[in-house]
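Commentary on secondary and tertiary structure
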Amino acid sequence: MGTNEGGCRVVVVGAGAGGTLVATHLVTALSSRFRVELVDPAPTTGRGQAYSTTDERHLLNVPASGMSAFPRDPDHFLRWLRDHHDPRFQPHGFAPRAVFGRYVESLLIAATEFPGNARLVRRRAEVVDVARAGNGFVVELSDGDHLEARAVVLATSSRPGTAWAPAELADDPRLIADPWTQEIPEVGDVLMLGSGLTMVDLAISADRPDRTVHVVSRRDAVPHPHVLPTTPPVPPPPGVTRVDSLDQLRSTLAGHVERTVEATGDWRAAVDGLRPVTAQLWRGLSEADKRRFIAEDARTWDVHRHRMAPATARRFDAIAAEGRLQRHRGTIAGVRADDNALHVTLDDGTTLRVAAVVNCTGPVGSIAADPLLTRLAQSGLVRPGPAGLGIDTADDGRILGTLPDTLPFLAVGSLRRGNLWESTAMPEIREQAYDVARVVTRSMHGESRRRPVDPYGLTLSTSQDAADRYNSALGRLLRLQDGVEEGLAEAVAADGGFVQAHAALALLGHEWGATTHWQSSLRAAHRAASERHLDDRESSFLDAVTTRLRTDEATGAAALLRHVRLFPRDALAVSVAVPTVAFGGLTSGTQTAALVESLGRSYGDDWWYAGQLAFVRQDQERWAEAEDLASYALSVEPASGHAVHARAHVFYETGDHAAGLAWLDEWIRTRGPEANHRSHFSWHAALHELMQDDVEAVRRRYERELAPSVVSGSRVVVDSGALLWRGRVTGAWTEDLPVDEVRAQAPEEWLTAPPTGFAALHGAVLLAADGDAAALAGLADQAARSEDRVFRDVVSPLCTGLASVVEQRWNAAAATLTDVVRTMDPLGGSKAQREVVEDTLVHALAMAGRTEEAAAILDQRLSRRSSALDARRRAAVTGAQHTSVDAAGTGR
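All of these numbers come straight from a predicted model, not from anything done at the bench.

**Section: the pairing of strand S5 (residues 136–141)**
As judged from the six bridges shared by strand S4 (residues 127–133) and S5, these two strands associate in the antiparallel manner. Paired with Ala133 across the bridge in S5 is Gly136. Count of turn residues in the S4/S5 antiparallel hairpin: two residues, of which Gly134 carries a positive phi of about 65°. Where S5 lies against strand S6 (residues 146–149), four bridges are found, and the strand directions are antiparallel. Counterpart to Val139 in the pairing with S6 is Leu147. Count of turn residues in the S5/S6 antiparallel hairpin: four residues, of which Gly144 carries a positive phi of about 95°.

Following this line, the structure appears as C-alpha cells:
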C-alpha cells in the first residue's frame, strides 16, 4: 500500500440499506483518523432498490417491531417512527418502505455528526475493479479515481435480468427492465412478468380506472398476506437440520406445517419458526439438491415466507376484484411491436395488447450478471457461491477466493445468498452489517487473525487454546456434567486475561454457593477487561454478572435477563436464567415457559435447547411433545442431562414408574458417573420406587446414592432431605430417619437465610424433618419481613404450616398449607419437587380426621397417574373414615 492514508481507509461498495448500515457501524466504531468511503452511483443513500420507492402505499413486509437496524436494540425503529413519522405507530404496524429508507439514511447522518468518529466520504460513482495491493487494496472507480484501502466491503445488490425477453422486446424502450429506475406509462394496459412482492407494489402504483394490469408467471403464485394478530412462531421439528436429502426435508416440513395448523390454525407459525435453521437447512443440502430446490420449491417458499402487509393485500385484492388485474399462468412466447402497442403472445396462445412490459422477475443472482463481480472472478478475488448464487463467503462474511483471510475483504446482503439462502431481509442484513463492521474494525486496529468462538458462534477474546478449554467446560455445563469450574480454571490459566472465563467462574461460584472464590474471579475479570478490547456480548455479560453479584436479587436478575434478551445465544447466561436441576433460575412458571419458548428463534433444533424446551413442555403437561424433544436431544447427545431430567419427569407424571426406573437406572449406571448433580437423578429413581411403595428399595438407594457421605452442598437439602420428609409424611418411612446427618451437612444459610424461594422451600422441609419448630418459626418471621413478595406471601406461611405439623396442630397446619399449595408455583423448581408440600397437606388433613378432603386430593392425583403408594394411602384414609363412622354409629 503506497500511502498511510490508504491504511486508514475502508471502502464500502454499495449504498443500499446493507452498505449504509455497515458504514454507520464503521463510522461509529472507528476514530477520526480513519476514513469510510461509501461508493454508489445512486443519488440516494440507504435506500437501494428495496426502499427507493416514493409511493407511500408501498409498505414493508415485516412489522415495525422486526425492522430495527440494530441487533441489540429491537425497538429502535419503532421509537424512530414515533419521533419522526407517526407518534401513534404500533409495533404490529407496517411502515412505508420510503420511510424506512429515510430511517436508514438518518442513522448514517447521525453517526457522522460526532467529531470523534471516523470521517465519511460519499462517492457517487461505480466501482469497476478491486485489486490487491500489498497488505491492502486499490479500488478503481468509474470516474477514474483510484482509492487505496485497508479493507473493502461489497454490499451491492443483484441486478434485475432480462435474458427471458424475446429479441423483439429486448431492445424496445417499452420494456421496463428496472421498474425502480424507469417510469411505467400512464396510459394503456401493462403486462407484468413475475408475481412476487415487486409485482404487487407496482400493480398498486400502476392501477388506473381504465387500465388492466396483466400478471404473467409460470406458477401464478402470489405472496400470501400477513394475518393479525400474528401467531407466535412454532419451533422447528427436532432433527430437521439433520435430514440428508431434499425429499426427506420436504416430508419433514410438510408434517411440521400440518401439525402446526392442527395446533394453531395457522401455517405461518410453522414457516416463521424455521427462520433460525433456514441457513442450516440450505447448507445441509447437496449441490444437486440446492439446484432442485431452486427449480422446484423456491417459489413456494418465497410466497409463504415473504408475505404482504395486510393493507397491501387488501389493496391488491380490491384491484383484482374490480377486474383491473388479470393473472395468467405461463410465459411470454413472442412479441410483435408496432408504433402503438406491444402485442404479447403467451405460451397458451393468448395475445395481450399492452403499452409496456414490466420486468418483475427479480434480481439475477449469478456473477455473470454483474460486471464488477465478473471482473473480480476473472482475477480470482471472488468465486461463485453454492448453486451459482452470489459469491462464496465464510460464516463471518469474509469473501472466499485467492486472498488470504488476513486481508479484510467482506460481503453483506444478497451476495451471500448462495451460502445462506435467506440473505436479503432486514433481520439478516442487520446482523451481517454489525458482524462485518466488527471484523473490519478489528482489522483496522491491527488484529488480523479471527477470534475463536463458542459453540453458538459468540466471540471469545482469547487464544485458541484457552477458547478450547472454555468451550470444553461450557459443553460440560450444557450436558450437566462435572468439571465445569475446573475447566474454566484451566481456561484462565491458559490466558490470564480471558475476561469471559473469569466472569463465568464468578457467576457460577455465586449461583452454586461457592462464596470463597467468586469475588476474586470478578475482580480478575475487571482487571483483564481494562486491558483487552471486548466485543459487545462479552462486555454485556461482564456488566450483567457484576450487577447480579453486587446488587439485590431483583436488580441482579433483571440485569442477567436483559443480557439474555440481547444475546439469546449466550448459552451460559441462559443456563443460569432458566430454573433447572443445576440452577434455581431467575424465572418461574409461565415466565420460564415464555423465556424458553422465545429462545426457539435463536436455537432452532439445537440438542441442548431441545432438552430445555422438553422440560418446559412436561411442566405444561404436554407429555408427548416433551418425550419427542427429549428423545431427539438424547439421540444427538446421549449425555444431555436436561433431556434426561425432562424424560424422568415424563415417566413420573404419567405414572410409568417401572419403565422410568429401569431407564433411569441404566442411564445412572452408564452416564451418571460424569453427571453433575447426579444425586437429583437418583432422587428421581427413588421417587419411582416410592410411588411403587417399595420402601426397602428407597432405603437402599438412599444409603447408596443419597446419603450425606456421597452427596454434599445444596443437593443434600434438595434431594436427600426432601426425600426423607416425603417418606415420613406419606407413611412409607417413618422410623430411623437419618435426618441428623443430613442437617449436619446442609449449607447453614439454606436453613437460616435462604437466598431464594426454592432454597427456602427445601430448607424448611429439612427443618420440619428434624422437628425444629423453633427454627421454622424464626424463618417464617424473617420471611414475613422480607422485601421479596415470594418470601412474604409463600415462604412465610409455608414455614408456619410446617411448624404446625411439627407441633401436631393438624387443623392449623391444614388451613395454612391449603393456601400455600394454591400459591407455591413462584417458589420455583418442578411440580414433582413442590409436591412434597401437597403430601404434607394430605398428612395433616388425615391426622386432623378430615379424611374426605385428604382422599379428594389423592383421588385427583391418582386420576393423573398411577401410584401404588398413593392408592395405599387413599385406602388407609378411607379406612380411617369408615372407622370414624362406625364409632359414631355405636355411640363411642
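Still to come is the rest of the account.
**Some thoughts on the environment of Val436**
Structurally, the position occupied by Val436 is in helix H14 (residues 426–444). Accessibility expressed as a relative area gives 0% for Val436, which makes it buried. Measuring from C-alpha to C-alpha, the distance between Val436 and Gly757 comes to 44 Å, with 321 residues separating the pair along the chain. In contact with Val436, other than residues within four places in its own chain, are Val153, Asp396, Gly397, Leu410, Ala411, Val412 and Arg416.

**Here we look at helix H3 (residues 97–112)**
With 16 residues, H3 extends 24 Å between its outermost C-alpha atoms, agreeing within 8% with the 22 Å of an ideal straight helix rising 1.5 Å per residue. Of all the positions in H3, only Arg97, Ala98, Val99, Phe100, Gly101, Tyr103, Val104, Leu107, Leu108 and Ala111 are classed as buried. In this fold, the buried residues of H3 make contact with helix H1 (17–29), strand S2 (35–39), helix H2 (76–84), strand S3 (119–123), helix H5 (197–206) and H14.

**A short note on the sheet that holds strand S14 (residues 351–354)**
The strand order S12-S13-S14 describes an open sheet built from three strands, whose pairing is antiparallel. The sheet terminates laterally at strand S12 (332–337) and S14, the two strands that pair on one side only. Mean inter-strand twist for the sheet, computed between neighbouring axes without regard to direction, equals 25°. Pairing of strand S13 (residues 342–346) with S14, which is carried by four bridges, proceeds in the antiparallel orientation. Of the residues in S14, the one forming a bridge with His343 is Arg353.

**Topic: the packing of helix H37 (residues 831–847) against helix H38 (residues 851–864)**
Orientation of H37 relative to H38, taken along the N-to-C sense of each, is 145°, at an axis distance of 7 Å. Pair H37 / H38 crosses with left-handed handedness. On the side of H37, the interface is formed by Glu835, Glu838, Asp839, Leu841, Val842, Leu845 and Ala846, while H38 contributes Thr851, Glu853, Ala854, Ile857, Leu858, Arg861 and Arg864.

**What about the pattern of salt bridges?**
Enumeration over the complete set of coordinates arrives at 74 salt bridges. Here Arg865 ties to Glu653 by a salt bridge, and the two come within 3.0 Å at their closest N and O atoms. Taken as a pair, Arg865 in the loop between H38 and helix H39 (868–889) and Glu653 in helix H26 (residues 641–653) lie far apart in primary sequence, 212 residues in all. Accessibility assignment for this pair places Arg865 and Glu653 in one class, buried. Here Glu689 ties to Arg701 by a salt bridge, and the two come within 2.8 Å at their closest N and O atoms. Here Glu689, found in helix H28 (residues 678–691), pairs with Arg701, found in helix H29 (residues 695–706); they are 12 residues apart in sequence, far enough to count as distant. Judged by relative accessible area, Glu689 falls into the buried class, the value being 6%. Here the salt bridges share partners, and the residues they tie into one network are Glu653, Arg726, Glu835, Glu838, Asp839, Arg861, Arg864, Arg865, Asp870 and Arg873.

**As for empty space enclosed by the protein**
In this structure the tally under the stated criterion is four cavities of 30 Å³ or more. As a volume, the largest cavity reaches approximately 70 Å³. In terms of lining residues, the largest cavity is bounded by Ser157, Ser158, Arg159, Val364, Gly365, Ser366, Ile367, Ala369, Asp370, Leu373, Gly390 and Leu415. In terms of residue class, the lining of the largest cavity is built from five nonpolar, five polar and two charged.

**Structural notes on the side chain of Glu705**
Tracing the chain through its elements places Glu705 in helix H29. In this structure Glu705 comes out as buried when scored by relative accessible area, which is 16%. Reaching out from Glu705, the side chain makes a polar contact with the side chain of Ser682 at a distance of 2.6 Å. A polar contact of 3.0 Å, which involves the side chain of Glu705, links it to the side chain of Arg704. When residues no more than four places from it in sequence are discounted, the contact partners of Glu705 are Ile668, Ser679, Ser682, Val710 and Val711.

**Regarding the packing of helix H30 (residues 715–729) against helix H33 (residues 757–769)**
Interhelical geometry of H30 versus H33 gives an angle of 50° and a closest axis separation of 9 Å. On the basis of the axis angle, H30 is oblique to H33. Viewed along their axes, H30 and H33 form a crossing whose handedness is left-handed. Across the interface between the two elements, Val717, Val718, Gly721, Ala722, Trp725 and Arg728 of H30 pack against Phe758, His762, Gly763, Val765, Leu766, Ala768 and Ala769 of H33.

**Observations regarding the side chain of Asp129**
Turning to its location among the elements, Asp129 is positioned in strand S4. Ignoring anything within four residues of it in the chain, the contact list for Asp129 reads Val138, Val139, Glu140, Leu372, Arg375 and Leu376.

**Concerning the packing of aromatic side chains**
Under the criterion given, the structure shown has 19 aromatic pairs. With a centroid separation of 4.7 Å and 50° between ring planes, the pair formed by Phe77 and Tyr103 is classed as tilted. Taken together, the residues Phe77 in helix H2 and Tyr103 in helix H3 connect sequence positions 26 residues apart. For the pair Phe77 and Tyr103, one class covers both residues: buried. Relative to Phe583, the ring of Trp512 has its centre 5.4 Å away and its plane inclined at 15°; by these criteria the two rings are stacked. In this pair, Trp512 is assigned in the loop between helix H17 (499–511) and helix H18 (518–529) and Phe583 in the loop between helix H21 (571–577) and helix H22 (589–598), connecting sequence segments 71 residues apart.

Analysis parameters
- Residues numbered from 1 in each chain as written.
- Predicted model: local features only at pLDDT ≥ 70, side-chain atom pairs only at ≥ 80, totals over all residues.
- Heavy atoms only, no water.
- Pairing = 2+ DSSP bridges.
- Helix = DSSP H or I, 4+ residues; strand = E, 2+ residues; numbered from the N terminus.
- Buried < 20%, exposed > 50% of the residue type's maximum accessible area, 1.4 Å probe, protein only.
- Contact = heavy atoms within 4.5 Å.
- Expected span 1.5 Å × (residues − 1).
- Axes fitted to C-alpha atoms, helices over the stretch in contact; angles between N-to-C directions.
- Left-handed = near helix turned anticlockwise from the far one by under 90°.
- Salt bridge = Lys/Arg side-chain N within 4 Å of Asp/Glu carboxyl O.
- 1 Å grid on protein atoms, 1.4 Å probe; cavity = no way out; pocket = protein on both sides within 12 Å on 5 of 7 lines; lining within 4 Å.
- Points joined across faces, edges and corners; volume = space filled by probe spheres on them.
- Nonpolar A, V, L, I, M, F, W, Y, C, P; charged D, E, K, R; others polar.
- Polar contact = N/O pair within 3.5 Å; in protein donor to acceptor, adjacent residues only side chain to side chain.
- Parallel < 35°, antiparallel > 145°, perpendicular 65-115°, else oblique.
- Phe/Tyr/Trp six-rings, centres within 6.5 Å; stacked < 30°, edge-to-face > 60°.

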